[in-house]
Every structure is written in C-alpha cells, then in structure tokens.
Amino acid sequence: MRHHKALFKFAIKAGEIMLRNGAETYRVEDTIERILRTQDLEIVESFVTPTGIFATMDEEDGETVTVVKRVRKRTIHLHKVALINHLSRQFVEGSLTLEEASQTLQEIESRKPYPPAIMIMSIGLAASFFTVVFGGSLRDFCSSLLIGIFLALLQQGFYNSRVSRFLVDLLGGSLIAVFALLFVNTGLGAQLDKIIIGSIMPLVPGVAITNAVRDTIEGDLVSGISRGVEAFFIAVSIAAGVGIVLKIWFAVNGGYIV
Amino acid sequence: MILPMALQIISAFFATIFFSVMFNISRKELLYCGLSGGLGWSIYLISNQLGGSIVVSTFLGALAVSFLSRYLAILRKQPVTIFLISGTIPLVPGAGMYQTMYALITQDIEQAATYGSQTLQMAGVIAIAMIIISSLPKSAPEQRKAH
C-alpha cells in the first residue's frame, strides 16, 4: 500500500519533468502507465495535455487514487526527456529498485541547462548560420550574429518574468526588425530580408510543430490541436512584431527598402 | 552552383547544431542532430535544383529527416524527437512566414495569398512526411526498445 503510493509519486514526477521539458504528451502518458503497470493493478489510466497531467490507479483496499498535476512553466530541455525515457525503461525492466530510480530522477531534475553564455552565443550563431542557409552574405552573417545575441539577451531578461511568451516573441520580432533596418542602413548588413528571416528562426516554434504532429499521429488529438494553436500564435506574434516595425519604417520613409 | 550549395548545406549543419544547444540536447548527440538537419536541407536543395517545387522539396527533405531520425534513434538509443525536432528546423517555413507578412504590410494581397498558402502547404507536407515515416512498421530493435 505504502509502496504503491511511492510508485505513484515517482510516476507522476517523472511525467511532470518530461512534460515540463518538451516531451510529447503521448510519451508522458506512456511513461506513467508503464511505470504503474510494474505493479499488478486493475486500474491504471493517465491522461496528459500540454498543460497538465491526470492519472488514476487503484489501491489494494479497493480505493481509487487520482492525481491532477497542473504544469505551468515549460522550457525545452530535451536531454532530461531522453534521460527519463532511459530511466523509466530501466525501471520497468526491473534493473533498478524504486528507491534507486527515485534517486536518479532527482538527479535528472536538478540538471542544469547549458550556461547562459553558451546559450546566448548559440542563439546568435543559429541566427547567423540560418542567414547563410537562406542566401545571406558574410556581412549579413555578422549582422544576424549581433541581432541573435541581442535577441538572446532579451529572452534571458524575460525568462523569470510572468510576461506571456507571445508578448516576448512579439518584442523579439520587433527587436529583430529594428536592428536589421539599422544594420542595413548603416552598411553593416546587405540584404534586409535574409537578415530578418535568419534571425527569426530562433523564435520559430519548432518543438511545438513537431510535437503537434507526433501527438496527433499517436491519437492525442487534444494535445495535437493545442500545440498546433500554440505554434500558430507564436508565428503570428513574431510576424506581427516584425511587421509593426517595418510598417512604421515605410510610413516614415515613404518607400520600400528591401 | 555547387559551391553556394555546399556552403548552404554546411551552414544548415551548423545552424542545426546551435539550435540543438538551445533545446538543451546532450553534447554527445549534437553532431548527429547536425547531420539530420544537414541531410534534410541537402535533399531540399537538390530536389529544388532538379526542378521540384518548394513544397515538393520540403516534403522530400522532411521524409529524409524523419527516416534518418528513426535510424539515429536506434543507433544512439535516444528518443526519436531529439533528432526529428532539430533536423526539421531548417525546413520550417520561416521564410514563407516573413514573405507572407511582408506582402501583407505592403498591401500586395495576391502575393500574400500565394506565400500564405505556400507556407501552410509546407507545414502540411512536413506533417505528412512525419506521419508516413512513423507509420512504417517497426524494426526488431525498435520493438525491443518499445518507446
């Protein structure tokens, strides 16, 4: 009985960390159910959406236990997802006891992301390499590198605030357009469109799109739709941010500069 | 023609690696993520050079990424998403999104409709490619892996 409760806690915790860090919802459901099925239980159900976990199991005395876990803050840390995936597999195979597995889970949870300096440089380099992918020159590469770094600093600044993700993306889009116009007009950059397209890539909702498709394939339609809507609104926020700045620029200058 | 293509492919490889760092993927997998992104983009470019439309080329690129990701998932004993998410990034229609928005603010509605529908089609074919590859029967090592 006590043992089951610990098992239940472990399963929910594992699911929560996965969901928080960018796993598909069907993977979270699957992990929770596999962990609970290691015991001979009559009822085991889990229902996961991108914003919360519901799980039910029955106890030996015939009572049913249900937990609802709301997940608010989500980041992307795919290494944690991979580690828990591996951990749950080891546990289900029986090569780890519940205590050992819970211990490892805690270690995984406290893992640190890449240091901020590396993160900021990576966003800058991702933006600048994408500028080249879409046909930018060396000058455009340098412009996007700087813009990417500014963008990363903006994101880090808002990381712990309660400001909506969509607003940060809108601001990010605006920041990109402002600096792209600045660099092109001062002669650092050459092609405005290449610089902007490369620089918006770090904001593009790649995880949401991929997970929307994968959840839909697995029949998690609710998650598929909500992630699809999330991706769409992120895209609209970025485009609006860039668009507002360009529109103002055109209105002030009365012409189009591409 | 060959040199700019090679430059673009190498850039896609590095862009994907730096993207994978943003997603906090393990250091040991970064190279493979880069290969996934680089392969997808090279298939896209080659198809486009041979006369394939942007949508068809995106589809073929996404097919290649989905296929390679499944293989890498077995080889590296990782969840398939690690390689799929990072490899798909270069194909995500960021450019189409920008062009649609640009046409809208310059009030060129016809262009906006063209680019807008193209962007939606690109997102659609990426989804279809993932669905096709993930519906292929599981190989023996994948069945053992179970997830």
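Residues numbered from 1 in each chain as written. Chains lettered and ligands numbered in written order. Predicted model: local features only at pLDDT ≥ 70, side-chain atom pairs only at ≥ 80, totals over all residues. Heavy atoms only, no water.

Draft legend 1. The arrangement of the layout of surface pockets in detail. Put simply, the second largest pocket is a space of about 640 Å³. Looking at the second largest pocket, it is lined by 25 residues, and the ones nearest its centre are Phe232 and Ala235 of chain A together with Thr119, Leu120 and Ala123 of chain B. When residues of the lining of the second largest pocket are traced back to their parent elements, those giving at least two are helix H9 (206–217) and helix H10 (221–253) of chain A together with helix H5 (94–105) and helix H6 (109–135) of chain B. Each residue belonging to the lining of the second largest pocket can be placed in one class, and the counts come to 19 nonpolar, six polar and no charged. (1 Å grid on protein atoms, 1.4 Å probe; cavity = no way out; pocket = protein on both sides within 12 Å on 5 of 7 lines; lining within 4 Å. Points joined across faces, edges and corners; volume = space filled by probe spheres on them. Helix = DSSP H or I, 4+ residues; strand = E, 2+ residues; numbered from the N terminus. Nonpolar A, V, L, I, M, F, W, Y, C, P; charged D, E, K, R; others polar.)

Draft legend 2. Examining the sheet that holds strand E1 (residues 44–49) of chain A more closely. Residues and elements named next belong to chain A. Spatially, E1-E2-E3 is the arrangement adopted by the three strands of the open sheet, whose pairing is antiparallel. Each of the sheet's edge strands pairs with one partner strand only, and the pair in question is E1 and strand E3 (64–70). Averaged over all adjacent pairs, the angle separating strand axes in this sheet is 5°, with direction ignored. Note: strand E2 (residues 52–58) against E3, seven bridges, orientation antiparallel. Bridge pairing in E3 places Ile53 opposite Lys69. In the packing of helix H2 (residues 25–36) onto the sheet, contacts are made with E1 and E2, and the angle to E1 comes to roughly 160°. (Pairing = 2+ DSSP bridges. Axes fitted to C-alpha atoms, helices over the stretch in contact; angles between N-to-C directions. Contact = heavy atoms within 4.5 Å.)

Draft legend 3. Representation of unusual backbone geometry within the structure. All names here are of chain B. The residue Asn24 is not glycine, and still its phi comes out positive at about 55°. As for its placement among the helices and strands, Asn24 is situated in the loop between helix H1 (2–22) and helix H2 (30–49). Judged by its relative accessible area of 6%, Asn24 is buried. If you check the backbone angles, Lys77 has positive phi at about 55° while not being a glycine. You can see Lys77 is positioned in the loop between helix H3 (54–76) and helix H4 (80–88). (Buried < 20%, exposed > 50% of the residue type's maximum accessible area, 1.4 Å probe, protein only.)

Draft legend 4. Here's a closer look at the packing of aromatic side chains. Residues and elements named next belong to chain A. On inspection of all chains with the given rule, the structure shows 17 aromatic pairs over all chains. Summarising the aromatic geometry, the rings of Phe150 and Phe179 are spaced 4.7 Å apart at their centres and angled 40° between planes, so their arrangement reads as tilted. Taken together, the residues Phe150 in helix H6 (residues 138–158) and Phe179 in helix H7 (residues 165–186) connect sequence positions 29 residues apart. Of the residues examined, Phe150 reaches a relative accessible area of 29% and is grouped as partly exposed. (Phe/Tyr/Trp six-rings, centres within 6.5 Å; stacked < 30°, edge-to-face > 60°.)

Draft legend 5. Spotlight on the interface of chain A and chain B. Counting from both sides, the interface comprises 53 residues of chain A and, opposite them, 43 residues of chain B. When the buried surface of chain A facing chain B is broken down by residue, Leu78, Tyr114 and Val133 of chain A rank first, second and third, together holding 14% of it. The interface formed by chain A and chain B contains zero salt bridges. In this structure, the connection of chain A to chain B is made through seven residue pairs in polar contact (both at pLDDT 80 or more). At the level of secondary structure, the elements contributing two or more residues to the side of chain A that touches chain B comprise H2, helix H3 (78–93), helix H5 (116–133), helix H8 (192–200), H9 and H10 of chain A. Here the element with the most residues in the side of chain A that touches chain B is H5 of chain A; it accounts for ten residues. (Buried area = accessible area lost by both parts, 1.4 Å probe. Salt bridge = Lys/Arg side-chain N within 4 Å of Asp/Glu carboxyl O. Polar contact = N/O pair within 3.5 Å; in protein donor to acceptor, adjacent residues only side chain to side chain.)

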